[in-house]
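Spelled out from the first residue to the last, the chains are:
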There are 2 protein chains.
Amino acid sequence: MQISSRFTIAVHMIICIEAFKDTHKVTSEFIASSVNVNPVVIRRLLQQLKKAGIVEVKRGSGGADIARPLDEITLLDVYNAVESVDNGVLFHFHENPNQLCPVGRNIHAIMDSRLQEIQTAMEEKMRAMTLSEIMEDANRLLEL
Amino acid sequence: MQISSRFTIAVHMIICIEAFKDTHKVTSEFIASSVNVNPVVIRRLLQQLKKAGIVEVKRGSGGADIARPLDEITLLDVYNAVESVDNGVLFHFHENPNQLCPVGRNIHAIMDSRLQEIQTAMEEKMRAMTLSEIMEDANRLLEL
DNA sequence: TATGGATGTATCAAAGAAGATTACAACGAT
DNA sequence: ATCGTTGTAATCTTCTTTGATACATCCATA
C-alpha cells in the first residue's frame, strides 16, 4: 500500500506558492491547474497546511503565502500536516489477535518497538530535508 | 494512509510457524485462529511468502514450514514479499502534473531522489532486523 | 485405491479511503 | 453592493483491502 498523493501534492503546492509569489496571485484554482487536480482538493490541503502553521490563506481577496521561513519547514512537517491519520502510526496492525494463543497475546510486545523504530528512521530522514533546500533545487530547474 | 496489515500478519504467521513447529501441524486454519482472520487470507499470504522463498507449504497433508534459516530472513524480505505493489514505490505521486507549468514539469526532477532516499532509510532499517532476533524476543515472552 | 483433511485459487460481497465534482454560504478588497 | 475567492458540506466513483463461500486439486494413509 502506498502513502497517498496528498504528501507530494502538498510539496508541489508549497513550491508553487513560493515560486510564483511575486508574479501571480496564487489561488487554489491556480495551484490546481499546476498540480492537475480539482481545486477543492487544493483547498482542503491548504486548510491542513494552514492548521500546521505552514501557509497563510487569504479569504475574500484570495491567494496563499508561506507562513514561516522555508528553512524552518521540513518534509516531516508537511507529511504530518496532510498525511497524519491513525495517530500517526504507519503500520496497520491486525485488530484482534487471539489472546488465547501465546503468539497472539504477545505479538504487540514483540513487534511494536521495532515498527516504531522503522517509522522513526523514515521520519528522521524527512526531518532532515527542509523546504529551503528543495526550493534551491527547484529554482535551478525552473529558470524563472 | 497506512501500510496494510498484511505485513504485520505475515510476521505473526512466521512466528507461529516457528513457535509451534514441534507441537502442532501449522495449517492455515491454525494460523488464522491465532491471527484472528479468515483462513483464506492466511493462504494467500502463505503463497506470497512461498514465492519469496520464505516458507514451504505442504499440499495434501497440510502445514507450513520456514524455508531458510531465520537469520537469513529480514523484515524487508517479508515486507517485499507481501506488501510490494506499485513497483515497490512507497510514495504515490499525483498522476498528471501540468507540463505547461514550470513546477509541474519539474516536480519529479525535484522530488524523486528525495522520496527514494526516505524510502531507502526505511528499507535499510527493515533489512537490519532479522527474524532470528525477533524469535529470540518471542521465545522469551512465549514461555512455551 | 478410496478417503479425508488441506491447499490453491476463483469469485463475489462488504467496507473504507481517496479523489472528483457540484454547490453554496461567508468573506473582504474595491 | 459586487465579484472573485475561500471554507466546507454532500454526493459519487473508483480502488484497495479484507471477508466469505465454493470447489477442484493434492497427498498421506488407512
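Here goes a summary of the coordinates provided. Computed from a predicted model, the values in this text were never measured in an experiment. (Residues numbered from 1 in each chain as written. Chains lettered and ligands numbered in written order. Predicted model: local features only at pLDDT ≥ 70, side-chain atom pairs only at ≥ 80, totals over all residues. Heavy atoms only, no water.)

## Description of the protein's contact with DNA strand C
Part 1 of the argument: Neighbouring DNA strand C are 26 residues; Ser 5 and Asn 38 of chain A together with Ser 28, Gln 47 and Gly 60 of chain B lie closest to it.
Part 2 of the argument: Backbone atoms, meaning sugar and phosphate, form 63% of the atoms of DNA strand C found within 4 Å of the protein.
Part 3 of the argument: One nitrogen or oxygen atom from the side chain of Arg 59 of chain B is found 3.1 Å from a base oxygen belonging to DNA strand C.
Part 4 of the argument: Sorting the residues of the surface near DNA strand C by element identifies helix H3 (39–51) of chain A together with helix H3 (39–51) of chain B as the ones contributing at least two each.
Part 5 of the argument: Broken down by element, the residue count for the surface near DNA strand C peaks at five residues, all from H3 of chain B.
Part 6 of the argument: Each residue belonging to the surface near DNA strand C can be placed in one class, and the counts come to six nonpolar, ten polar and ten charged. (Near = heavy atom within 4 Å. Polar contact = N/O pair within 3.5 Å; in protein donor to acceptor, adjacent residues only side chain to side chain. Helix = DSSP H or I, 4+ residues; strand = E, 2+ residues; numbered from the N terminus. Nonpolar A, V, L, I, M, F, W, Y, C, P; charged D, E, K, R; others polar.)

## Points about the packing of helix H4 (residues 75–83) of chain A against helix H5 (residues 102–127) of chain A
Residue and element names in this part refer to chain A.
Part 1 of the argument: Where H4 meets H5, the closest approach of the two axes is 6 Å, and the angle between their N-to-C directions is 120°. The angle between H4 and H5 places the two elements in the oblique class. Only Met 122, Glu 123, Met 126 and Arg 127 of H5 make contact with H4, whose side of the interface consists of Leu 75, Leu 76 and Tyr 79.
Part 2 of the argument: Split into classes, the residues belonging to the contact of H4 with H5 amount to five nonpolar, no polar and two charged. (Axes fitted to C-alpha atoms, helices over the stretch in contact; angles between N-to-C directions. Parallel < 35°, antiparallel > 145°, perpendicular 65-115°, else oblique. Contact = heavy atoms within 4.5 Å.)

## Brief notes about the side chain of Ser 28 of chain B
Residue and element names in this part refer to chain B.
Part 1 of the argument: Within the secondary structure, Ser 28 is located in helix H2 (residues 28–35).
Part 2 of the argument: Here Arg 43 takes part through its side chain, which lies 3.1 Å from a polar atom of the side chain of Ser 28.
Part 3 of the argument: Beyond its immediate stretch of four places on either side in the chain, Ser 28 contacts Pro 39, Ile 42 and Arg 43.

## Focus: the protein's contact with DNA strand D
Part 1 of the argument: Around DNA strand D, 28 residues are found, and the nearest of them are Ser 28, Gln 47 and Gly 60 of chain A together with Ser 5 and Arg 59 of chain B.
Part 2 of the argument: The sugar and phosphate moieties of DNA strand D supply 62% of its atoms located within 4 Å of the protein.
Part 3 of the argument: In the model, a phosphate oxygen of DNA strand D is placed 3.3 Å from a nitrogen or oxygen of the Lys 50 of chain A side chain.
Part 4 of the argument: Contact distances for DNA strand D include 3.5 Å between a base oxygen and a backbone N or O atom of Gly 60 of chain B.
Part 5 of the argument: Elements with a minimum of two residues in the surface near DNA strand D: H3 of chain A together with H3 of chain B.
Part 6 of the argument: A total of five residues in the surface near DNA strand D trace back to one element, the largest contributor, which is H3 of chain A.
Part 7 of the argument: Class assignment for the residues of the surface near DNA strand D results in six nonpolar, twelve polar and ten charged.

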